[in-house]
Amino acid sequence: MNEKVKAVAGPIVLATDASVDPDRVASGYLATTGHTGLRAHLYPKHLVRPCSRVVVTELRAVYWGLKAVLHAHPGRPLEVRVDNLQALRHLYSWQQGGTDMPESYDTHLRSKGRQPTLVKLQLLAEYTPHLAFVHEKAHAGHPLNEAADSLAKLGLRCVRGVVPPTELARLVQLWATGALAA
């Protein structure tokens, strides 16, 4: 066995996904660079309409994954695989300079003057060179998509109280090494 790891030719691939309950959301991402992440939180019903909640959460998964990968690998070609067609339409539009947002998404500044996540993602999509967005059919056995889906579901289990937050780092590491597969 060779102990050296060879660089993978071609673009970095980033898979993202979301998992949504009526009042909770979670997102996950996984990249061929080894970057993984998940986020989960309560999501009050009044913030965004139910049909938009999924799209917003899918797009937030893209933002958090891009933020991690672009910070570590600036300038590298990057392919983002998304399984939600509505989210993909927004990403394509933003790459062309569009400004449309999911229905009822509030673009006003957040607390302490922070930009909304999707406004930041819109700017990344428009101004990041070598960035491609690709549709990935959900639940079709694509390893990165299935992994991102599992991370999002793990996050949702955590915010439901089924998985203690203190266990997340350990569970993600076990899952990433294949110890929880099967």
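Structure's up top.
Below is a short write-up of the structure. (Residues numbered from 1 in each chain as written. Predicted model: local features only at pLDDT ≥ 70, side-chain atom pairs only at ≥ 80, totals over all residues. Heavy atoms only, no water.)

Looking at the pairing of strand β2 (residues 24-31)
In step 1: Most of β2 is tucked away, with seven of its eight residues classed as buried.
In step 2: Pairing between strand β1 (residues 12-20) and β2: seven bridges, direction antiparallel. Its bridge partner lying in β2, Ser19 is registered against Ala26.
In step 3: Between the antiparallel neighbours β1 and β2 lie three residues.
In step 4: Sheet topology places β2 next to strand β3 (residues 36-42); seven bridges connect them, and they run antiparallel. Bridge assignment links Leu30 to a residue of β3, and that residue is Thr36.
In step 5: A loop of four residues connects β2 with β3, the two strands running antiparallel in sequence, and Gly34 in this loop sits at a positive phi of about 100°. (Buried < 20%, exposed > 50% of the residue type's maximum accessible area, 1.4 Å probe, protein only. Helix = DSSP H or I, 4+ residues; strand = E, 2+ residues; numbered from the N terminus. Pairing = 2+ DSSP bridges.)

Some points on the environment of Pro102
In step 1: With respect to the element layout, Pro102 can be found in the loop between α2 (85-95) and α3 (117-127).
In step 2: Not counting chain neighbours up to four residues away, the residues in contact with Pro102 comprise Ser52, Val55, Val56, Leu59, His90 and Leu118. (Contact = heavy atoms within 4.5 Å.)

Let's talk about the sheet that holds strand β5 (residues 131-135)
In step 1: Taken in spatial order, the five strands line up as β3-β2-β1-β4-β5 in an open sheet, and their pairing is mixed. Every interior strand has two partners, whereas the edge strands, β3 and β5, have only one. Mean inter-strand twist for the sheet, computed between neighbouring axes without regard to direction, equals 20°. (Axes fitted to C-alpha atoms, helices over the stretch in contact; angles between N-to-C directions.)

Here we look at the packing of α2 against α3
In step 1: At a minimum axis distance of 7 Å, the contact between α2 and α3 shows a crossing angle of 55°. Considering the angle they form, α2 stands oblique to α3. As for how α2 packs across α3, the hand of that crossing is right-handed. Contact residues: α2 offers Leu91, Trp94 and Gln95, while α3 offers Leu118, Leu121, Gln122, Ala125 and Glu126.
In step 2: Residue composition of the contact of α2 with α3, grouped by class: five nonpolar, two polar and one charged. (Parallel < 35°, antiparallel > 145°, perpendicular 65-115°, else oblique. Left-handed = near helix turned anticlockwise from the far one by under 90°. Nonpolar A, V, L, I, M, F, W, Y, C, P; charged D, E, K, R; others polar.)

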